[in-house]
Amino acid sequence: MKFSSNTKQIALLIDPDKITESGLLEVITTSVGAQVDLFLVGSSLLMRNSVERTIDLIKKNCSIPVYLFPGNVLQICKNADGILLLSLISGRNPELLIGQHVIAAPSLKEANLDIISTGYILIESGKQTSVEYMSNTRPIPSNKTDIAVCTALAGEQLGLQSIYLEAGSGACNPVPEEMIAEIRKTIKIPIWVGGGIRTPEDATKACKAGANIVVVGTAFENNKSLINPICKAIHQFNR
């Protein structure tokens, strides 16, 4: 799947620990009708078989691409279409910068997935998030746009294919529009934005600021009827 800095897309983040089979089938049906661009599957605490079952169910019921959003090296599944190979460039934990990647490299080669090398940047969102706790790193303060810009630029200069700005699951506040806009002005590669996006208005603001792929998870878990209006808000930019 191609990700372009000239288009706007929506990705639904599926956490197998937080959705039932019937709930997932409902999400798939709604997603097909709303023209969701892709699914991301993963979480910080999952075991491999949970991820595989979830991906199998999605692929049996629709043709929307499924990419892994791995929380650890166990979440490599051959039945996915691809993987966001995340390097946590906002932190200084060597395991999440390169350590786990070395361990996962042979399995990734064997799996033959579409690999999207991605600079993962945590942004402070008003509370400690699961990814902050699990990664044992501190996010970039939401008012330190200059640090976020330089971090994203460094990621691009290192050859990463995209940048993911993460406020965290259930974030109090999304990534600031000013920060997204300044990063968009500075780099050419696609920008993912996730965390704290709960409404079509939130998605519209992120897209206007420069996000290319908007990731929604907690919002649709709480209210599946939001999928269609959020998709419309994002896809209007491609007309």
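This one's a predicted model, so the numbers in the text were calculated from it and none came from an experiment.

Trainee: An account of the pairing of strand β8 (residues 213–216) is needed here, citing residue identities and associated values.
Mentor: With burial as the criterion, each face of β8 is covered, one bearing Ile213 and Val215 and the other bearing Val214 and Val216. Relative to β8, strand β1 (residues 9–14) runs parallel, the two being bridged by four bridges. The partner of alanine 11 across the bridge, within β8, is valine 215. Examined bridge by bridge, strand β7 (residues 191–194) and β8 share three bridges and lie parallel to one another.

Trainee: Can you tell me about the side chain of threonine 118, naming the residues and giving the values?
Mentor: Along the chain, threonine 118 falls in strand β5 (residues 114–122). Taking relative accessible area as the criterion, threonine 118 reaches 0% and is therefore assigned buried. In this structure the side chain of threonine 118 is engaged in a polar contact, spanning 2.9 Å, whose partner is the backbone oxygen of isoleucine 116. Discounting chain neighbours no more than four positions away, the residues touching threonine 118 are Leu84, Leu85, Leu86, Ser87, Leu160, Ser162, Ile163 and Tyr164.

Trainee: Please give an account of the environment of aspartate 56 that cites residues and values.
Mentor: One can find aspartate 56 in helix α2 (residues 48–61). Given a relative accessible area of 35%, aspartate 56 falls into the partly exposed group. Along the backbone, aspartate 56 and asparagine 79 are 23 residues apart, and their C-alpha atoms lie at a distance of 7.1 Å.

Trainee: Break down helix α3 (residues 94–111) for me, citing the residues and quoting the values.
Mentor: Owing to its 3.6 residues per turn, the α-helix aligns residues three or four sequence positions apart on the same side. Its 18 residues place the ends of α3 24 Å apart at the C-alpha level, agreeing with the 26 Å of an ideal helix rising 1.5 Å per residue. Taking the largest bend as the criterion, α3 deviates by roughly 50°, centred on alanine 104, and proline proline 106 comes between one and four positions later. Listed as buried for α3 are Leu96, Gly99, His101, Ala104, Leu108 and Ala111. In this structure, the buried side of α3 is in contact with β4 (82–88), β5 and α4 (130–135).

Trainee: Tell me what's going on with the nonpolar core, and back it up with residues and numbers.
Mentor: Leu12, Phe39, Leu165, Ile183 and Val214 are the most contacted members of the largest nonpolar core, which totals 62 residues. If you look at the next biggest cluster of nonpolar residues, it comprises 19 residues, including Leu13, Phe69, Leu122 and Val215.

Trainee: Please give an account of the packing of aromatic side chains that cites residues and values.
Mentor: Evaluated as defined, the whole model comprises six aromatic pairs. Relative to tryptophan 192, the ring of phenylalanine 3 lies with its centre 5.1 Å away and its plane at 50°, an arrangement referred to as tilted. Here phenylalanine 3, found in the segment before β1, pairs with tryptophan 192, found in strand β7; they are 189 residues apart in sequence, far enough to count as distant. By the burial criterion, phenylalanine 3 is buried, and tryptophan 192 matches it. The rings of Phe3, Tyr67, Phe69, Tyr120, Tyr164 and Trp192 are connected pair by pair, giving a single aromatic cluster.

Trainee: So, helix α9 (residues 227–235): which residues are in play, and what are the values?
Mentor: Among the residues of α9, those classed as buried are Ile227, Ile230, Cys231, Ala233, Ile234 and His235. Looking at the buried positions of α9, the neighbouring elements they touch are β1, α1 (21–34), α7 (200–209), β8 and α8 (218–222).

Trainee: Describe in detail the packing of helix α6 (residues 177–186) against α7, supporting the description with residues and values.
Mentor: At their nearest, the axes of α6 and α7 sit 8 Å apart, and the two run at 30° to each other. If you check the angle between α6 and α7, you find them roughly parallel. Residues Glu177, Ile180, Ala181 and Arg184 of α6 form the contact with α7, whose own contacting residues are Lys205, Ala206 and Ala209. Of the residues assigned to the contact of α6 with α7, the class counts are four nonpolar, no polar and three charged.

Trainee: Explain unusual backbone geometry to me, and be specific about the residues and the numbers.
Mentor: Even without being a glycine, glutamine 35 presents a positive backbone phi close to 60°. Relative to the helices and strands, glutamine 35 resides in the loop between α1 and β2 (38–41). A residue is classified by how much of its surface remains accessible, and glutamine 35, at 57% relative accessible area, is exposed. Phi at asparagine 136 is positive, roughly 55°, even though this residue is not glycine. Within the secondary structure layout, asparagine 136 lies in the loop between α4 and α5 (145–157). Take asparagine 136: its relative accessible area is 66%, and that puts it in the exposed class.

Thresholds applied
Residues numbered from 1 in each chain as written. Predicted model: local features only at pLDDT ≥ 70, side-chain atom pairs only at ≥ 80, totals over all residues. Heavy atoms only, no water. Buried < 20%, exposed > 50% of the residue type's maximum accessible area, 1.4 Å probe, protein only. Helix = DSSP H or I, 4+ residues; strand = E, 2+ residues; numbered from the N terminus. Pairing = 2+ DSSP bridges. Polar contact = N/O pair within 3.5 Å; in protein donor to acceptor, adjacent residues only side chain to side chain. Contact = heavy atoms within 4.5 Å. Expected span 1.5 Å × (residues − 1). Bend = angle between axes of the 7 residues up to and from the residue. Core = buried A, V, L, I, M, F, W, Y, C linked by side-chain atoms within 4.5 Å. Phe/Tyr/Trp six-rings, centres within 6.5 Å; stacked < 30°, edge-to-face > 60°. Axes fitted to C-alpha atoms, helices over the stretch in contact; angles between N-to-C directions. Parallel < 35°, antiparallel > 145°, perpendicular 65-115°, else oblique. Nonpolar A, V, L, I, M, F, W, Y, C, P; charged D, E, K, R; others polar.

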